[in-house]
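Analysis of the macromolecular model
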Amino acid sequence: EDAKCVTDPNAHSMLLVGYTETLLRVKASYGADWGDNGYVNFVRDSIYVAGCNVYKSAFAITMTLRRELEYEFCSGAAVVTYGVCKTSCEEMNTDSETGWTLAVIPSLYHNDQIQTMLETKYPGVKSNDKFNYVWIGIRDPDQDGTYLWVDGYTPVNYYNKTENLGKYGMINKNNGKWDFKNSLTYDARGLCSRPVTCWDVSTAVADGTVTFNQTPSRRVRLGTAVCDEGYTLSGASTFTCAPQLAHRMRQ
């Protein structure tokens, strides 16, 4: 219980490291000589937790595992509607090359790659915005800030949107910012993407290793999980995914 912070506040950063039904375990920023070796337990139902603005500026840290993508214009880089672009991306799928959807941008790394690609292909700010904005695969179906990628599985841990509301996402080639449109008749260029490497799950595996066979690009790639000595594998030992391939920006 900390009543003093209400009357004598001292703003500083804290990291929530654990919790129980009654306590919040927090690491403060005063060093190991403060509190319990630098940590403190807050009572969860205490009026002072809310009064001291513990939750007012809270941020959750999320991680997107690295996965390389390749990008290509939909409809031959023609100016088209969202629906036409989406269909064009889906029609790029074949028996030997799958995964094409409207472009997914899971991280700042991918956003920078796309902006570089677009500015190289079509440099400079255009007088007509339909040539400055490009369709991508992020959506906000209910316009309530619940963002989704069209592939159905990539988490939206990174986003770079403006304040504009709408259902269908676009990227501004000049600054990399995202915008949204509600119109299904608005015309612009669009991007498609597909994953070309497996998720890098190696850092998420404890007491074992994951290795991948090295096959040519665009073919099925096999992953194998092996346990360390003394551990037993739970589930299948092999899995398939997209091939290992250096990141390519296709134009």
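Keep in mind it's a predicted model, so treat the numbers as computed, not measured.

Here we look at the sheet that holds strand β1 (residues 15–19)
- Taking strand neighbours across the sheet as the criterion, the 3 strands line up as β1-β2-β3 in an open arrangement whose pairing is antiparallel. With partners counted over all chains shown, the strands left at the sheet margins are β1 and β3 (39–43), one partner each. Adjacent strand axes in the sheet meet at a mean angle of 30°, parallel and antiparallel pairs treated alike.
- Note: β1 against strand β2 (residues 23–27), 4 bridges, orientation antiparallel. Residue pairing across strands places Tyr19 opposite Leu24, the latter belonging to β2.

Concerning the nonpolar core
- Ranked by size, the top nonpolar core spans 21 residues in total, and within it Ile136, Ile171, Trp178 and Leu191 carry the most contacts.
- Put simply, the parts of the chain that give this core at least two residues each are β4 (69–73), α4 (108–121), β6 (133–139) and β9 (178–181).
- Once residues lying within four places of it in the same chain are set aside, the contact partners of Ile136 are Tyr82, Leu102, Ala103, Ile105, Trp149, Gly169, Met170, Ile171 and Trp178.
- Core analysis: the next-biggest nonpolar cluster, separate from the first, contains 13 residues, Cys74, Cys89, Tyr133 and Tyr168 among them.

As for the pattern of salt bridges
- As enumerated under the stated definition, the model contains 4 salt bridges in all.
- Its salt-bridge partner being Glu119, residue Lys173 comes within 3.1 Å of it at the nearest N-O pair. Of this pair, Lys173 sits in the loop between β8 (168–172) and β9 while Glu119 is found in helix α4, placing the two residues 54 residues apart along the sequence.

A closer look at the state of the cysteines
- Under the criterion given, the structure shown has 2 disulfides.
- Across a sulfur-sulfur distance of 2.2 Å, Cys74 and Cys85 are joined as a disulfide pair. Residues Cys74 and Cys85 are joined through a disulfide that is left-handed, its torsion about the S-S bond being -115°. Residue Cys74 is found in the loop between β4 and α3 (82–90), and its partner Cys85 is found in helix α3; the two are separated by 11 residues along the sequence. Accessibility classification places Cys74 together with Cys85 in one group, the buried group.
- Here Cys89 connects covalently by a disulfide to Cys192, the sulfurs 2.0 Å from one another.

Notes on the pairing of β6
- For β6, a buried count of 6 out of 7 residues is recorded, marking the element as mostly surrounded by other parts of the structure.
- Bridge analysis of β6 against β8 gives 4 bridges, and the strand direction is antiparallel. Pairing of Val134 across the sheet is with Ile171, part of β8.
- Pairing between β6 and strand β10 (residues 189–195): 2 bridges, direction parallel. Its bridge partner lying in β10, Val134 is registered against Arg189.

Parameters and conventions
Numbering of residues starts from 1 in every chain and runs along the sequence as written. Totals for whole chains, interfaces and linings use every residue, but because this is a predicted model, local features are given only for residues with pLDDT of at least 70 and side-chain atom pairs only at 80 or more, for both listing and counting. Think of the side-chain values as coming from all heavy atoms in the structure, minus any hydrogens and water. By this definition, two strands are paired if DSSP reports at least two bridges between them. Here a helix means four or more residues in a row that DSSP labels H or I, a strand means two or more in a row labelled E, and each is numbered from the N terminus. Between N-to-C directions, angles span 0 to 180 degrees; the directions come from axes that are lines fitted to C-alpha atoms, helices contributing only their stretch in contact. Joining through side-chain atoms within 4.5 Å is the link that ties buried Ala, Val, Leu, Ile, Met, Phe, Trp, Tyr and Cys residues into a set, and such a set is a nonpolar core. To sort residues, take the accessible area from a 1.4 Å probe on protein chains only and compare it with the maximum for the residue type: under 20% means buried, over 50% means exposed, and anything in between is partly exposed. Note on contacts: a residue pair qualifies if any of its non-hydrogen atoms lie within 4.5 Å across the two residues. We count a salt bridge whenever a side-chain nitrogen from Lys or Arg sits within 4 Å of a carboxyl oxygen from Asp or Glu. The rule for a disulfide is simple: a pair of cysteine sulfur atoms within 2.5 Å.

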